[in-house]
Amino acid sequence: MTITPLMPVYPRCGFRPVKGEGCYLISEDGRRALDFASGIAVNLLGHGHPHLSKAIADQAATLMHVSNLYGSPQGEAFAQRLVDNCFADTVFFTNSGAEAVECAIKTARRYHHAKGNPHKNVLITFKNAFHGRTMATISATDQEKLRDGFAPLLEGFVVVPFDDLEAARAAVNEHTAGFLVEPIQGEGGIRPASQEFLQGLRDICDEQDLILVFDEVQCGVARTGYLYAYEHFGVIPDVVASAKGIGGGFPVGACLATEKAAAGMVAGTHGSTYGGNPLACAAGMAVLDVILEPDFMDNVKAKGERLRSSLEQMIPNHDSLFDSVRGVGLMLGLKLKVDSRAFVAHLRDHHGLLTVAAGDNVVRILPPLIIDDSHIAECVEKLSAGAASFTLPDAA
Ligand SMILES: *Cc1c(COP(=O)(O)O)cnc(C)c1O
C-alpha cells in the first residue's frame, strides 16, 4: 500500500507544528516561526490565549455536546450577542465556512420559494471566488482546480467577473435569487471589491427583491477592524456566511440573516448535529469577549495601518520582487512580480515566517489580531531578509 493514512489531498510541507505560543508556532523539530498565517485567518487571538483556552476547557468539563433537539441557552446567548452587534436578526450555527455558505445558499433559495417564486433559484457569483469545498460551494465558483473530476456539479450558479457591476447587472433575469460575493476575495488574492460595486449589488437587490449574500468567512470577525467587513464598505447585506476567526481556532461557523431573508428557514428546513453545540458557543463567546472590548477594533485598524505602511516602505528596496500591498485592516496581501508560492516556502523554511500564498501572485499576511509593534517589525525584517536571500526557482 502506498497511500498515506492521512488522505493525501494536501501537499503538506515539512514544517510540523506541535505547539503554539501567542504569535509563534513551534515545530516538531524545535523550529520557532512567527505565525502571520493564523491557520488562514482563524487564530485571531493567537495560540494558547488564556481567556479562550480557559473558556473551552471549562465548557468541555461541563457540557460539550447536546442535540439541537433540546433548548440551547448557550446557542441563544451566542446568537443574541452576534445579533446585537451586526445587521442580522437570526443565526444558524455550523462547523465550517463551507457549511455556513451552504446555509446561505439554502436561505436565499428558500426565501423565493416562500414567496411563491421557486423559479428564482440562481445565485450570481464571481470569478476567482472561493466559497469552500462542498459540492454546492465548488459549483458556485469557476475555478477548474476546485471542480476538476467532481462533475456533475450543482445547477443554480452563474459566474461573472468580480467587481464588474455592469456584468452583474446584465446577468440578472427572472431566475435570479441574488448574489453571493466575498467583499474582499481571500484565496483569490486579497482583492477588495469597490464600494460602488457592492453598493450597486445592494441597489439591484433592493429594486428586484433579490438576496445579497456576503461570504465573510475570511474577511469577517474583526479581521478588517470591523466585526464584519460590510461595515467598512457601508453596504448592508441580507445574509452573511461567517467562520474561520469566529471560533478563534475551535471549529465554528455561522449563517447570519435578516428576519426578511430568513423567511423560508422554518422548523425542519435545515439542521446540523454538531452545529452550535455548547463547546462551540463557549469558544465563540470567548472570542467575542475579547474582540468586542472597547478599543479592540480601533487597535486592529491602527496595527493594520502600521503594518501596511511598513510593507510599503520596504517595497522600493526589493522592487524586482515586490509589486504592491493591498487589503483592509489585518487582511493584507503583498503582490509579487513572480508566483508567490516559492517565496512563501522560502520565508517559512529559511526565515521562520509563516504566510499564505494566494491567487494573483499574492502573499497573504493574516497575523493574529493581537500582534504588537514588535511582531510587525519582526515580520518586515524577515520579509526583507527573505527577499534579499531569495533566488527564483529556475523558470524552465
Ligand atoms: C475558507 C473559506 C471558506 C470555506 O471555509 P471552510 O471552513 O474551509 O469550509 C469559504 N469562503 C471563504 C471566503 C473562505 O475563505
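Calculation criteria
Residues numbered from 1 in each chain as written. Predicted model: local features only at pLDDT ≥ 70, side-chain atom pairs only at ≥ 80, totals over all residues. Heavy atoms only, no water. 1 Å grid on protein atoms, 1.4 Å probe; cavity = no way out; pocket = protein on both sides within 12 Å on 5 of 7 lines; lining within 4 Å. Points joined across faces, edges and corners; volume = space filled by probe spheres on them. Helix = DSSP H or I, 4+ residues; strand = E, 2+ residues; numbered from the N terminus. Nonpolar A, V, L, I, M, F, W, Y, C, P; charged D, E, K, R; others polar. Near = heavy atom within 4 Å. Polar contact = N/O pair within 3.5 Å; in protein donor to acceptor, adjacent residues only side chain to side chain. Pairing = 2+ DSSP bridges. Axes fitted to C-alpha atoms, helices over the stretch in contact; angles between N-to-C directions. Parallel < 35°, antiparallel > 145°, perpendicular 65-115°, else oblique. Left-handed = near helix turned anticlockwise from the far one by under 90°. Contact = heavy atoms within 4.5 Å. Domains from an automatic or database assignment. Buried area = accessible area lost by both parts, 1.4 Å probe. Salt bridge = Lys/Arg side-chain N within 4 Å of Asp/Glu carboxyl O. Buried < 20%, exposed > 50% of the residue type's maximum accessible area, 1.4 Å probe, protein only. Lys, Arg positive; Asp, Glu negative; His and termini not counted.

> An account of the layout of surface pockets is requested, with residue identities and associated values reported.
Volume-wise, the second largest pocket comes out at about 690 Å³. Taken together, 27 residues line the second largest pocket, and the ones lying closest to its centre are N68, T90, V91, F92 and F93. Secondary structure elements with two or more residues in the lining of the second largest pocket: α3 (73-85), β4 (90-94), α4 (97-114) and β12 (253-257). Across the lining of the second largest pocket, the residue classes tally to 12 nonpolar, 13 polar and 2 charged.

> Summarise the site of the ligand; cite the residues concerned and give the values.
Near the ligand the following residues occur: S96, G97, A98, F130, H131, G132, E182, D215, V217, Q218 and K244. Side-chain polar atom of D215 to a nitrogen atom of the ligand: 2.7 Å apart, as the coordinates give it. Across the shell around the ligand, the residue classes tally to 3 nonpolar, 5 polar and 3 charged.

> Please give an account of the sheet that holds strand β13 (residues 322-328) that cites residues and values.
Spatially, the 4 strands line up as an open sheet ordered β13-β14-β17-β16, and their pairing is antiparallel. At either end of the open sheet lies a strand with only one pairing partner, and these are β13 and β16 (356-358). With strand direction ignored, the average angle separating the axes of adjacent strands in the sheet is 30 degrees.

> Outline the packing of helix α2 (residues 50-62) against helix α10 (residues 278-291), supporting the account with residue identities and numerical values.
The N-to-C vectors of α2 and α10 enclose an angle of 155 degrees; their axes lie 9 Å apart at closest approach. Accordingly, the angle class assigned to the pair α2 and α10 is roughly antiparallel. Remark: the crossing between α2 and α10 carries right-handed chirality. Residues H51, L52, A55, I56, Q59 and A60 of α2 touch α10, and the partners they reach there are P278, L279, A282, A283, A286, V287, D289 and V290. Of the residues belonging to the contact of α2 with α10, the class tally is 11 nonpolar, 2 polar and 1 charged.

> Explain the domain arrangement of the protein chain to me, using residue names and the numbers behind them.
Assigned domains within the protein chain: domain 1 (17-48 + 297-395) and domain 2 (63-291). A separation of 27 Å is found between the C-alpha centroids of domain 1 and domain 2. At the interface, 26 residues of domain 1 touch 26 residues of domain 2. Taken over both partners, the interface formed by domain 1 and domain 2 buries close to 2200 Å², and the fraction arising from carbon and sulfur atoms is 66%. When residues of domain 1 are sorted by the area they lose upon contact with domain 2, M297, V328 and M331 head the list and together hold 32% of the total. For the interface between domain 1 and domain 2, the tally reads 2 salt bridges. Linking E187 and R364 is a salt bridge whose minimum nitrogen-to-oxygen distance equals 2.9 Å. Our enumeration of links across domain 1 and domain 2 arrives at 9 residue pairs in polar contact (both at pLDDT 80 or more). Sorting the residues of the side of domain 1 that touches domain 2 by element identifies α1 (38-41), α11 (296-314), β13, β14 (331-336) and β17 (362-365) as the ones contributing at least two each.

> How would you sum up the side chain of R223? Please name residues and give values.
Tracing the backbone through its elements, the reader meets R223 in the loop between β10 (211-215) and α9 (230-233). Of the side chains bearing the opposite charge, D35 lies closest to the buried R223, which forms no salt bridge; the N-O distance is 9.0 Å. Here the side chain of R223 touches L330 through a polar contact of 2.9 Å, landing on its backbone oxygen. At a separation of 2.7 Å, a polar atom in the side chain of R223 contacts the main-chain carbonyl oxygen of P367.

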